[in-house]
Amino acid sequence: MRQPLLKTGETRVWRTYTGGAALDVFHGRPGENGSLPEDWAASTTRAFNPGREELVEGLSRVVSLPGEPYLADVIAEDPEGFFGKAHVGAFGPKAGFLVKLIDAAERLTIQVHPDRDYAKAVLGSDYGKTESWYILGGNGAAAEPCIYMGFKPGITRERWKSLFEAQDIAGMLACLHRIPVRAGECYFIAAGMPHAIGAGCFLAEIQEPTDYTMRTELVTPGGLRIDERQCHQGVGYERMLDCFHYCGESLEETLARYRSEPMRVLETAGGTVDSLIDRRQTDLFSMSRIRASGELTLPEESCMRIFIAVEGEGELRAGGCAMSVRRGETVVARADCPELTLHAPDGLTLLACRPPQGAQNP
(Lines give C-alpha, C1' and ligand atoms only; values in the text may rest on other atoms or scores of the structure.)
Protein backbone atom coordinates (compact mmCIF):
# COMPACT_ATOMS: atom_id res chain seq x y z
CA MET A 1 0.00 0.00 0.00
CA ARG A 2 1.23 3.49 -0.79
CA GLN A 3 1.66 6.20 1.84
CA PRO A 4 -1.82 6.52 3.41
CA LEU A 5 -1.47 10.20 4.38
CA LEU A 6 -0.46 13.13 2.17
CA LYS A 7 0.02 16.77 3.14
CA THR A 8 -1.02 19.45 0.65
CA GLY A 9 0.18 23.04 0.55
CA GLU A 10 -1.62 26.34 0.77
CA THR A 11 -3.55 27.06 -2.46
CA ARG A 12 -4.51 30.72 -2.59
CA VAL A 13 -6.96 31.81 -5.27
CA TRP A 14 -7.80 35.23 -6.79
CA ARG A 15 -11.38 36.37 -6.27
CA THR A 16 -13.44 39.49 -6.94
CA TYR A 17 -13.53 40.49 -3.26
CA THR A 18 -10.78 41.44 -0.80
CA GLY A 19 -9.61 39.54 2.24
CA GLY A 20 -6.94 37.06 3.24
CA ALA A 21 -5.40 38.62 6.36
CA ALA A 22 -7.07 36.07 8.64
CA LEU A 23 -5.84 33.31 6.30
CA ASP A 24 -2.28 34.60 6.63
CA VAL A 25 -2.55 34.50 10.43
CA PHE A 26 -4.18 31.06 10.22
CA HIS A 27 -1.07 29.88 8.37
CA GLY A 28 1.24 31.40 10.95
CA ARG A 29 2.41 34.70 9.46
CA PRO A 30 1.47 38.39 9.65
CA GLY A 31 -1.82 39.16 7.94
CA GLU A 32 -2.49 41.40 4.97
CA ASN A 33 -5.68 41.77 2.94
CA GLY A 34 -5.59 41.58 -0.83
CA SER A 35 -7.13 39.77 -3.80
CA LEU A 36 -6.29 36.22 -2.63
CA PRO A 37 -8.93 35.72 0.07
CA GLU A 38 -9.45 31.97 -0.42
CA ASP A 39 -7.36 28.87 0.25
CA TRP A 40 -8.59 25.80 -1.62
CA ALA A 41 -7.70 22.83 0.57
CA ALA A 42 -6.45 19.68 -1.18
CA SER A 43 -8.19 20.86 -4.34
CA THR A 44 -8.45 19.07 -7.68
CA THR A 45 -10.72 21.83 -9.10
CA ARG A 46 -9.37 24.64 -11.24
CA ALA A 47 -10.60 28.18 -10.54
CA PHE A 48 -12.58 30.11 -13.16
CA ASN A 49 -11.02 33.58 -13.40
CA PRO A 50 -11.49 35.20 -16.84
CA GLY A 51 -8.35 37.05 -17.88
CA ARG A 52 -6.13 34.86 -15.71
CA GLU A 53 -6.44 31.64 -17.70
CA GLU A 54 -2.67 31.31 -18.11
CA LEU A 55 -2.37 30.77 -14.36
CA VAL A 56 -3.05 27.37 -12.81
CA GLU A 57 -5.23 28.57 -9.96
CA GLY A 58 -7.04 26.27 -7.58
CA LEU A 59 -5.04 23.05 -8.00
CA SER A 60 -3.25 21.95 -4.82
CA ARG A 61 0.23 20.47 -4.65
CA VAL A 62 1.30 17.59 -2.40
CA VAL A 63 4.12 19.07 -0.32
CA SER A 64 4.90 15.78 1.41
CA LEU A 65 6.00 14.11 -1.85
CA PRO A 66 9.21 14.78 -3.83
CA GLY A 67 8.72 17.45 -6.49
CA GLU A 68 5.42 18.57 -4.93
CA PRO A 69 3.15 17.16 -7.69
CA TYR A 70 -0.42 18.29 -8.17
CA LEU A 71 -2.86 16.27 -6.05
CA ALA A 72 -5.00 15.70 -9.15
CA ASP A 73 -2.06 13.96 -10.86
CA VAL A 74 -1.34 11.82 -7.82
CA ILE A 75 -4.98 10.73 -7.66
CA ALA A 76 -5.03 9.96 -11.40
CA GLU A 77 -2.20 7.46 -10.88
CA ASP A 78 -4.23 5.44 -8.37
CA PRO A 79 -7.89 6.51 -8.22
CA GLU A 80 -8.98 3.24 -6.62
CA GLY A 81 -6.61 3.79 -3.71
CA PHE A 82 -8.06 7.25 -3.09
CA PHE A 83 -11.73 6.60 -3.73
CA GLY A 84 -12.17 2.89 -3.05
CA LYS A 85 -13.09 0.15 -5.49
CA ALA A 86 -16.83 0.67 -5.02
CA HIS A 87 -16.68 4.34 -6.02
CA VAL A 88 -13.78 4.75 -8.40
CA GLY A 89 -15.93 4.41 -11.51
CA ALA A 90 -18.19 7.20 -10.35
CA PHE A 91 -15.47 9.59 -9.27
CA GLY A 92 -13.04 9.46 -12.18
CA PRO A 93 -9.94 11.61 -11.59
CA LYS A 94 -11.74 14.23 -9.46
CA ALA A 95 -12.29 14.20 -5.73
CA GLY A 96 -16.03 14.80 -6.16
CA PHE A 97 -15.99 17.69 -3.69
CA LEU A 98 -14.07 20.88 -2.93
CA VAL A 99 -13.07 22.43 0.39
CA LYS A 100 -12.20 26.12 0.81
CA LEU A 101 -11.16 28.48 3.55
CA ILE A 102 -12.75 31.89 2.92
CA ASP A 103 -11.74 35.17 4.57
CA ALA A 104 -14.07 38.03 3.63
CA ALA A 105 -12.85 41.54 4.46
CA GLU A 106 -15.81 42.89 2.47
CA ARG A 107 -19.26 41.54 1.74
CA LEU A 108 -19.30 39.15 -1.19
CA THR A 109 -21.66 39.91 -4.06
CA ILE A 110 -25.17 38.49 -3.97
CA GLN A 111 -25.00 35.19 -5.81
CA VAL A 112 -26.49 31.79 -6.51
CA HIS A 113 -25.13 28.42 -7.62
CA PRO A 114 -26.70 25.92 -10.01
CA ASP A 115 -28.31 22.67 -8.97
CA ARG A 116 -27.36 19.55 -10.91
CA ASP A 117 -30.32 19.71 -13.28
CA TYR A 118 -29.48 23.30 -14.29
CA ALA A 119 -25.75 22.52 -14.45
CA LYS A 120 -26.37 19.58 -16.77
CA ALA A 121 -28.87 21.31 -19.04
CA VAL A 122 -27.31 24.78 -19.25
CA LEU A 123 -23.62 24.43 -18.35
CA GLY A 124 -22.96 20.90 -19.60
CA SER A 125 -21.62 19.85 -16.19
CA ASP A 126 -22.31 16.77 -14.11
CA TYR A 127 -21.83 18.86 -10.97
CA GLY A 128 -23.75 21.84 -9.61
CA LYS A 129 -22.55 23.79 -6.58
CA THR A 130 -24.43 22.90 -3.44
CA GLU A 131 -22.30 23.99 -0.47
CA SER A 132 -22.08 24.34 3.31
CA TRP A 133 -20.31 26.79 5.60
CA TYR A 134 -18.64 26.16 8.96
CA ILE A 135 -17.98 29.47 10.74
CA LEU A 136 -14.41 29.64 12.04
CA GLY A 137 -14.87 33.12 13.49
CA GLY A 138 -14.60 36.79 12.66
CA ASN A 139 -11.66 38.61 11.12
CA GLY A 140 -12.10 42.09 12.57
CA ALA A 141 -13.58 43.54 9.36
CA ALA A 142 -17.02 43.85 10.95
CA ALA A 143 -18.20 44.10 14.54
CA GLU A 144 -20.97 41.59 13.85
CA PRO A 145 -20.11 39.05 11.12
CA CYS A 146 -23.19 37.96 9.22
CA ILE A 147 -24.40 36.03 6.22
CA TYR A 148 -27.32 36.62 3.86
CA MET A 149 -29.29 33.59 2.71
CA GLY A 150 -32.64 32.62 1.28
CA PHE A 151 -35.47 34.65 -0.22
CA LYS A 152 -38.05 36.11 2.09
CA PRO A 153 -41.66 35.10 1.32
CA GLY A 154 -43.22 36.68 -1.76
CA ILE A 155 -40.13 37.26 -3.91
CA THR A 156 -40.93 36.48 -7.54
CA ARG A 157 -38.71 36.18 -10.61
CA GLU A 158 -40.26 39.36 -11.98
CA ARG A 159 -39.48 41.38 -8.87
CA TRP A 160 -35.95 39.98 -8.64
CA LYS A 161 -35.32 40.73 -12.32
CA SER A 162 -36.52 44.31 -11.84
CA LEU A 163 -34.17 44.84 -8.88
CA PHE A 164 -31.30 43.30 -10.82
CA GLU A 165 -31.84 45.43 -13.92
CA ALA A 166 -31.98 48.55 -11.76
CA GLN A 167 -28.91 47.37 -9.83
CA ASP A 168 -30.84 48.15 -6.65
CA ILE A 169 -28.39 46.50 -4.26
CA ALA A 170 -30.17 47.64 -1.11
CA GLY A 171 -33.41 46.29 -2.55
CA MET A 172 -31.87 42.92 -3.39
CA LEU A 173 -30.30 42.60 0.06
CA ALA A 174 -33.68 43.41 1.60
CA CYS A 175 -35.11 40.36 -0.18
CA LEU A 176 -32.72 38.08 1.75
CA HIS A 177 -32.46 37.11 5.41
CA ARG A 178 -29.53 38.72 7.25
CA ILE A 179 -28.21 36.29 9.87
CA PRO A 180 -25.50 37.16 12.45
CA VAL A 181 -23.08 34.23 12.81
CA ARG A 182 -20.70 32.91 15.48
CA ALA A 183 -17.76 30.51 15.49
CA GLY A 184 -18.86 26.88 15.53
CA GLU A 185 -22.11 27.39 13.62
CA CYS A 186 -22.76 25.49 10.39
CA TYR A 187 -25.06 26.39 7.50
CA PHE A 188 -26.24 24.39 4.50
CA ILE A 189 -26.50 26.45 1.29
CA ALA A 190 -28.73 24.60 -1.15
CA ALA A 191 -28.14 25.12 -4.86
CA GLY A 192 -30.57 27.69 -6.22
CA MET A 193 -30.73 29.65 -2.96
CA PRO A 194 -29.49 33.28 -3.09
CA HIS A 195 -26.82 34.14 -0.56
CA ALA A 196 -23.84 36.31 0.29
CA ILE A 197 -21.07 36.07 2.87
CA GLY A 198 -20.93 39.25 4.92
CA ALA A 199 -17.84 41.29 5.74
CA GLY A 200 -15.92 39.95 8.73
CA CYS A 201 -16.59 36.25 8.16
CA PHE A 202 -13.83 33.64 8.28
CA LEU A 203 -15.22 30.24 7.37
CA ALA A 204 -14.61 26.80 5.89
CA GLU A 205 -16.73 25.77 2.93
CA ILE A 206 -17.39 22.31 1.52
CA GLN A 207 -19.08 22.12 -1.87
CA GLU A 208 -19.46 20.30 -5.14
CA PRO A 209 -16.27 20.59 -7.23
CA THR A 210 -17.12 23.48 -9.57
CA ASP A 211 -16.53 27.24 -9.67
CA TYR A 212 -19.97 28.10 -11.05
CA THR A 213 -21.26 31.32 -9.49
CA MET A 214 -24.05 33.53 -10.83
CA ARG A 215 -23.75 37.11 -9.49
CA THR A 216 -26.42 39.79 -9.49
CA GLU A 217 -24.11 42.71 -8.67
CA LEU A 218 -22.14 44.13 -11.58
CA VAL A 219 -19.82 46.03 -9.25
CA THR A 220 -18.51 44.59 -5.97
CA PRO A 221 -18.99 46.44 -2.65
CA GLY A 222 -15.29 47.34 -2.95
CA GLY A 223 -15.86 49.01 -6.34
CA LEU A 224 -14.51 46.33 -8.70
CA ARG A 225 -16.44 46.03 -11.98
CA ILE A 226 -16.93 42.33 -12.62
CA ASP A 227 -16.35 40.64 -15.97
CA GLU A 228 -19.84 39.73 -17.19
CA ARG A 229 -18.73 36.12 -17.66
CA GLN A 230 -18.25 35.97 -13.89
CA CYS A 231 -21.82 37.20 -13.45
CA HIS A 232 -23.64 34.81 -15.78
CA GLN A 233 -20.96 32.18 -16.59
CA GLY A 234 -21.44 32.77 -20.30
CA VAL A 235 -25.15 31.85 -20.44
CA GLY A 236 -26.59 35.38 -20.47
CA TYR A 237 -28.54 37.26 -17.84
CA GLU A 238 -31.97 35.77 -18.61
CA ARG A 239 -30.73 32.21 -18.12
CA MET A 240 -28.78 33.36 -15.08
CA LEU A 241 -32.04 34.45 -13.46
CA ASP A 242 -33.44 30.96 -14.10
CA CYS A 243 -30.77 29.55 -11.78
CA PHE A 244 -32.55 30.95 -8.70
CA HIS A 245 -35.19 28.95 -6.85
CA TYR A 246 -37.96 31.44 -6.14
CA CYS A 247 -39.34 29.83 -2.99
CA GLY A 248 -39.28 32.22 -0.06
CA GLU A 249 -39.47 31.21 3.59
CA SER A 250 -39.63 33.03 6.92
CA LEU A 251 -36.45 33.54 8.94
CA GLU A 252 -37.57 30.85 11.39
CA GLU A 253 -38.21 28.37 8.58
CA THR A 254 -34.88 29.22 6.94
CA LEU A 255 -32.89 28.67 10.15
CA ALA A 256 -34.74 25.44 10.93
CA ARG A 257 -34.01 24.06 7.48
CA TYR A 258 -30.51 25.35 6.79
CA ARG A 259 -28.67 25.87 10.09
CA SER A 260 -27.20 22.49 10.99
CA GLU A 261 -26.88 21.44 14.61
CA PRO A 262 -23.83 19.29 15.54
CA MET A 263 -24.62 15.63 16.23
CA ARG A 264 -22.25 13.73 18.55
CA VAL A 265 -21.17 10.46 16.90
CA LEU A 266 -18.14 9.50 19.00
CA GLU A 267 -17.02 10.31 22.53
CA THR A 268 -14.03 8.74 24.26
CA ALA A 269 -11.44 9.72 26.85
CA GLY A 270 -9.25 10.88 23.96
CA GLY A 271 -11.74 13.23 22.34
CA THR A 272 -14.99 13.66 20.44
CA VAL A 273 -16.39 13.64 16.91
CA ASP A 274 -19.42 15.74 15.95
CA SER A 275 -21.16 15.39 12.58
CA LEU A 276 -21.85 18.82 11.08
CA ILE A 277 -23.10 18.08 7.57
CA ASP A 278 -24.44 14.63 6.71
CA ARG A 279 -27.47 12.90 5.21
CA ARG A 280 -29.72 15.16 7.27
CA GLN A 281 -28.93 17.82 4.65
CA THR A 282 -27.37 16.14 1.61
CA ASP A 283 -25.73 13.06 0.11
CA LEU A 284 -23.30 15.19 -1.91
CA PHE A 285 -20.62 15.51 0.80
CA SER A 286 -20.19 15.43 4.57
CA MET A 287 -18.22 17.28 7.23
CA SER A 288 -17.43 16.51 10.86
CA ARG A 289 -15.48 18.22 13.64
CA ILE A 290 -12.89 16.18 15.54
CA ARG A 291 -11.54 17.36 18.87
CA ALA A 292 -8.64 15.29 20.19
CA SER A 293 -7.22 15.79 23.67
CA GLY A 294 -4.92 12.78 23.94
CA GLU A 295 -5.08 9.57 21.90
CA LEU A 296 -8.18 9.40 19.71
CA THR A 297 -8.66 6.48 17.33
CA LEU A 298 -11.07 6.97 14.45
CA PRO A 299 -12.92 4.12 12.74
CA GLU A 300 -11.71 3.00 9.32
CA GLU A 301 -13.62 4.56 6.42
CA SER A 302 -13.69 3.44 2.81
CA CYS A 303 -13.56 6.94 1.34
CA MET A 304 -11.07 9.74 0.86
CA ARG A 305 -10.96 12.29 3.68
CA ILE A 306 -9.53 15.81 3.82
CA PHE A 307 -8.48 16.93 7.29
CA ILE A 308 -7.97 20.64 8.02
CA ALA A 309 -6.34 21.54 11.33
CA VAL A 310 -8.26 24.55 12.65
CA GLU A 311 -6.76 24.69 16.15
CA GLY A 312 -3.80 23.21 18.03
CA GLU A 313 -1.29 20.65 16.85
CA GLY A 314 -0.62 16.93 17.00
CA GLU A 315 0.21 13.89 14.93
CA LEU A 316 -1.81 11.61 12.64
CA ARG A 317 -0.77 7.97 12.65
CA ALA A 318 -1.90 5.26 10.22
CA GLY A 319 -0.31 2.13 8.77
CA GLY A 320 3.15 2.89 10.11
CA CYS A 321 2.97 6.47 8.79
CA ALA A 322 3.15 9.37 11.26
CA MET A 323 2.49 12.90 10.05
CA SER A 324 2.63 16.06 12.18
CA VAL A 325 -0.11 18.61 11.72
CA ARG A 326 -0.80 22.04 13.15
CA ARG A 327 -3.30 24.84 12.63
CA GLY A 328 -3.53 25.83 8.99
CA GLU A 329 -2.29 22.53 7.54
CA THR A 330 -4.25 20.07 5.40
CA VAL A 331 -3.81 16.29 5.26
CA VAL A 332 -5.44 13.88 2.80
CA ALA A 333 -6.21 10.31 3.84
CA ARG A 334 -6.71 7.79 1.04
CA ALA A 335 -9.72 5.48 1.00
CA ASP A 336 -7.43 2.54 1.76
CA CYS A 337 -5.98 4.31 4.82
CA PRO A 338 -6.05 1.89 7.77
CA GLU A 339 -7.28 2.81 11.24
CA LEU A 340 -6.26 6.39 11.98
CA THR A 341 -5.10 7.60 15.42
CA LEU A 342 -4.69 11.20 16.49
CA HIS A 343 -1.96 11.89 19.05
CA ALA A 344 -2.62 15.34 20.49
CA PRO A 345 -1.71 15.74 24.17
CA ASP A 346 -2.02 19.54 23.93
CA GLY A 347 -5.24 19.49 21.93
CA LEU A 348 -6.07 19.39 18.20
CA THR A 349 -9.25 20.30 16.35
CA LEU A 350 -9.76 19.04 12.80
CA LEU A 351 -12.47 19.44 10.22
CA ALA A 352 -12.91 16.15 8.34
CA CYS A 353 -14.47 16.50 4.87
CA ARG A 354 -15.72 13.59 2.77
CA PRO A 355 -16.94 13.12 -0.83
CA PRO A 356 -20.31 11.83 -2.02
CA GLN A 357 -20.84 8.11 -1.91
CA GLY A 358 -21.53 5.80 -4.81
CA ALA A 359 -24.56 6.57 -6.93
CA GLN A 360 -24.81 10.16 -5.73
CA ASN A 361 -21.64 11.05 -7.65
CA PRO A 362 -21.78 11.40 -11.46
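Residues numbered from 1 in each chain as written. Predicted model: local features only at pLDDT ≥ 70, side-chain atom pairs only at ≥ 80, totals over all residues. Heavy atoms only, no water.

Trainee: Could you give an account of the overall build of the protein chain, with specific residues and numbers?
Mentor: When you go through the protein chain residue by residue, the secondary structure sums to 10 helices and 22 strands. Counting only C-alpha atoms and orienting by the principal axes, one finds that the protein chain spans roughly 60 × 40 × 40 Å. Looking at the 362 residues of the protein chain, the share that counts as buried comes to 58%. Long-range contacts, defined as pairs at least 24 residues apart, comprise 74% of the intrachain contacts of the protein chain with a sequence gap of at least 6. With an accessible surface of roughly 14200 Å², the protein chain has 49% of that area assigned to carbon and sulfur atoms. In the protein chain, which carries 38 positive and 50 negative side-chain charges, the distance between the mean positions of the two groups comes to 1 Å. (Helix = DSSP H or I, 4+ residues; strand = E, 2+ residues; numbered from the N terminus. Buried < 20%, exposed > 50% of the residue type's maximum accessible area, 1.4 Å probe, protein only. Contact = heavy atoms within 4.5 Å. Areas by Shrake-Rupley, 256 points an atom, 1.4 Å probe, with all protein chains shown as cover. Lys, Arg positive; Asp, Glu negative; His and termini not counted. Charge placed at Lys NZ, Arg CZ, Asp CG, Glu CD.)

Trainee: Give me the side chain of Arg334: which residues, what numbers.
Mentor: Among the structural elements, Arg334 can be located in the loop between β20 (330-333) and β21 (340-343). Take Arg334: its relative accessible area is 3%, and that puts it in the buried class. For Arg334, the side chain forms a polar contact with the side chain of Asp336, separated by 2.9 Å. Ignoring sequence-local partners within four residues, the contact set of Arg334 consists of Arg2, Gln3, Pro4, Asp78, Gly81, Phe82, Cys303 and Met304. (Polar contact = N/O pair within 3.5 Å; in protein donor to acceptor, adjacent residues only side chain to side chain.)

Trainee: So what about helix α5 (residues 116-123)? Which residues, and what values?
Mentor: Of all the residues in α5, the buried ones are Tyr118, Ala119, Val122 and Leu123. Down the axis, α5 shows its buried residues gathered within 100° of arc, on one side only. Among the exposed residues of α5, those pointing more than 90 degrees away from its buried face are Asp117, Lys120 and Ala121. In the core, the buried residues of α5 are packed alongside β12 (214-215) and α9 (237-241). Of the residues that open α5, the one with a side-chain oxygen 3.3 Å from the backbone nitrogen of Asp117 is Asp115. Where α5 terminates, the next one or two residues include Gly124, which has phi positive at roughly 65°. (Arc of directions from axis to C-beta.)

Trainee: Let's hear about the pattern of salt bridges: which residues, and what values?
Mentor: Summed over the entire model, instances satisfying the criterion amount to 34 salt bridges. The closest approach of N and O atoms between Arg264 and Asp274, which form a salt bridge, is 2.4 Å. In this pair, Arg264 sits in strand β14 (residues 263-268) while Asp274 sits in strand β15 (residues 271-277), placing the two residues 10 residues apart along the sequence. When its relative accessible area of 42% is taken as the criterion, Arg264 is described as partly exposed. Here Asp274 falls in the buried class, since its relative accessible area comes to 4%. (Salt bridge = Lys/Arg side-chain N within 4 Å of Asp/Glu carboxyl O.)

Trainee: Account for the confidence of the model for the protein chain, with residues named and values stated.
Mentor: For the protein chain, mean pLDDT is 93; residues scoring 70 or higher make up 96% of the total. Note on residues 358-362: pLDDT is under 50 here. Beyond four places in sequence and across chains, it has 16 contacts. (pLDDT = per-residue confidence, 0-100.)

Trainee: Got a sec to walk through the environment of Leu136? Specific residues and values, please.
Mentor: Following the sequence through the fold, Leu136 ends up in strand β6 (residues 131-138). Given a relative accessible area of 21%, Leu136 falls into the partly exposed group. Along the chain, Leu136 and Gly184 lie 48 residues apart, while their C-alpha atoms are 6.3 Å from each other. Setting aside chain neighbours within four positions, we find Leu136 in contact with Leu101, Ala183, Phe202, Leu203, Ala204 and Val310.

Trainee: Explain the packing of aromatic side chains to me, using residue names and the numbers behind them.
Mentor: Centre distance and the angle of the planes are the two values used to describe a pair of aromatic rings. Counted according to the given criterion, the structure contains 8 aromatic pairs. Relative to Trp160, the ring of Phe151 lies with its centre 4.9 Å away and its plane at 80°, an arrangement referred to as edge-to-face. A single burial state applies to Phe151 and to Trp160, both of which are buried. Measuring from centroid to centroid gives 6.4 Å for Phe188 and Tyr258, while their planes differ by 20°, and the two rings are stacked. Of this pair, Phe188 sits in strand β9 (residues 186-189) while Tyr258 sits in helix α10 (residues 251-258), placing them 70 residues apart in sequence. Take Phe188: its relative accessible area is 8%, and that puts it in the buried class. Counting every residue linked through ring pairs, the aromatic cluster contains Phe151, Trp160, Phe244 and Tyr246. (Phe/Tyr/Trp six-rings, centres within 6.5 Å; stacked < 30°, edge-to-face > 60°.)

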